[in-house]
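# Report on the structure
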Amino acid sequence: MSNYIRFQLSENDIPKFWYNINADMPVPLAPVLNPQTLKPITPDFLSVLFPMSIIQQEVSTERYIEIPKEVREVYKLWRPTPVLRARRLEKALDTPAHIYYKHEGVSPTGSHKPNTAVAQAFYNKIEGTKALTTETGAGQWGSALAFAGGFFGLNVEVYMVRVSYIQKPYRRILMESYGATVYPSPTEHTEYGRSMLAKDPNNPGSLGIAISEAVEVAAKSGGTKKYSLGSVLTHVLTHQTVIGEEALKQMDLAGEYPDVVIGCAGGGSNFGGLAYPFLRHNLQDGMKTRLLAVEPTASPSMTRGEYTFDYGDTARMTPVVKMYTLGHDFIPAPIHAGGLRYHGMAPSISALLDAGYLEAIAVPQLDTFKSALLFARNEGTIPAPESAHAIHAAINEALDAKEKGEKRVILFNLSGHGHFDLSSYEAYMSGQLENYEYPAEAIQDSISRLPQVNL
Ligand SMILES: *Cc1c(COP(=O)(O)O)cnc(C)c1O
């Protein structure tokens, strides 16, 4: 075991392949369904929205997918990201546990999301797409795609949830700085947006509505515009496995192997990206690393949702997938971890959780901010409110190890920094934040409107 704090790889260690969990799924994945017919989807439905190479990756069962050299060139701007050992935090907790974290907040836009944005922009570019449409909540995904699209000469149109557009101008300005066009959703540009505004001209918007608008614009563009999604789908999780592949090498440099790997989970991409390469070793080499996904109590899809077929968006335009879901018309409480306010979970994570290969817990908002400040004051980095969920779980693991007198090796993903989220820290420190439990009746109510699938 080494005395280092920072486990850094060189440019040559940027992975040359992504790991595709489809190759090793120990349980079968349910088919993806057409939202109109509720029958298995055909590639031509998907090809309206995505380029062919992305669709092929979505269904591929090849274990390793080569990362194009153009994508690796852009990755070099911030990858490999460091793994750090949180020695000061360990000391503050007085724990025998060793706490490591993978720092994805060092990317140009401050989160793990550019790992897939760059790949998606590249594949669209080589297949002749002119513009990409997407949605964004707090703005992490929109800024990643704005950055990546700009690098490959694509126009990027971002449908940003209206409340965030108004309340969080800095991420909008970041997107515009990269050359993207940002609209407050719902807009007058789409049929769905107009129908929402007709009902309520002050509609604050939601991620589900913004997805529906971005999908509609791409679907009606005659092929010039494609849609891009920042989480949930298999190809997105595949692109994110650069995180776990690097972390495997870095834990090797540290001379340790994690007993538990932790990530926060909104749609599941940063968690899957870190955890899946470790899951491969569990499945192939008999390792026994626990893989723990952490979600907010305000949006508890894995811990309180149902594992069943549901739409990905409010307007029911996106494919129907089998996943842990709170129902497609679920409206999350306004917690500050905007990236974790999604009603569903990646199908592969859902299937693996259902079969017992992964674990999931939900944690309340106030605890996550308390742990975030403890982390910041010991390790220096202000985490994104989403990442604070993983930090809180890591701290709980370290305290549990202390109670049991165990040396436990913990690795979590610091999915992003919190420099654009300082207003949420201000709200926490001035006592204005609250905890939210999603009410059981509300879950039952929205689950009663799930699609009835008969395969
Ligand atoms: C978007 C985001 C998340 C949640 O998305 P996943 O797909 O679940 O990873 C987590 N952390 C940060 C910093 C994000 O921007």
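Since this is a predicted model, take the numbers as computed values, not measurements.

## A look at the site of the ligand
- Around the ligand, the structure places 18 residues, and the nearest of them are K113, S231, G266, S269 and N270.
- Within the contact set of the ligand, an oxygen atom lies 3.1 Å away from a side-chain nitrogen or oxygen of H112.
- For the ligand, whose free accessible area comes to 380 Å², the fraction covered by protein is 97%.
- Counted by class, the shell around the ligand contains 4 nonpolar, 12 polar and 2 charged residues.

## Observations regarding the sheet that holds strand β8 (residues 181–185)
- With parallel pairing, 4 strands are arranged side by side in an open sheet as β8-β7-β6-β9. What marks the edges here is a single partner per strand, and that holds for β8 and β9 (225–227). Averaged over all neighbouring strand pairs, the angle between strand axes comes to 25°, with direction disregarded.
- Here helix α6 (residues 140–151) sits on the sheet and contacts β6 (131–136) and β7 (155–161); the angle it forms with β6, its principal contact strand, is near 165°.

## Digging into unusual backbone geometry
- With an omega of -10°, the peptide bond running from R79 to P80 counts as cis.
- Mapped onto the elements, P80 comes out in the loop between α3 (69–75) and β4 (83–85).
- With an omega of 5°, the peptide bond between S185 and P186 qualifies as cis.
- Within the secondary structure, P186 sits in the loop between β8 and α9 (191–199).
- In the Ramachandran plot, L38 falls in the positive-phi region, its phi being about 55° despite a non-glycine side chain.
- Phi is positive for R316, which is not a glycine, with a value near 60°.
- Inspection of the secondary structure assignment puts R316 in the loop between β12 (306–311) and β13 (320–325).
- We classify R316 as partly exposed; its relative accessible area is 47%.

Cut-offs used in this document
Residues numbered from 1 in each chain as written. Predicted model: local features only at pLDDT ≥ 70, side-chain atom pairs only at ≥ 80, totals over all residues. Heavy atoms only, no water. Near = heavy atom within 4 Å. Polar contact = N/O pair within 3.5 Å; in protein donor to acceptor, adjacent residues only side chain to side chain. Areas by Shrake-Rupley, 256 points an atom, 1.4 Å probe, with all protein chains shown as cover. Nonpolar A, V, L, I, M, F, W, Y, C, P; charged D, E, K, R; others polar. Pairing = 2+ DSSP bridges. Helix = DSSP H or I, 4+ residues; strand = E, 2+ residues; numbered from the N terminus. Axes fitted to C-alpha atoms, helices over the stretch in contact; angles between N-to-C directions. Contact = heavy atoms within 4.5 Å. Buried < 20%, exposed > 50% of the residue type's maximum accessible area, 1.4 Å probe, protein only.

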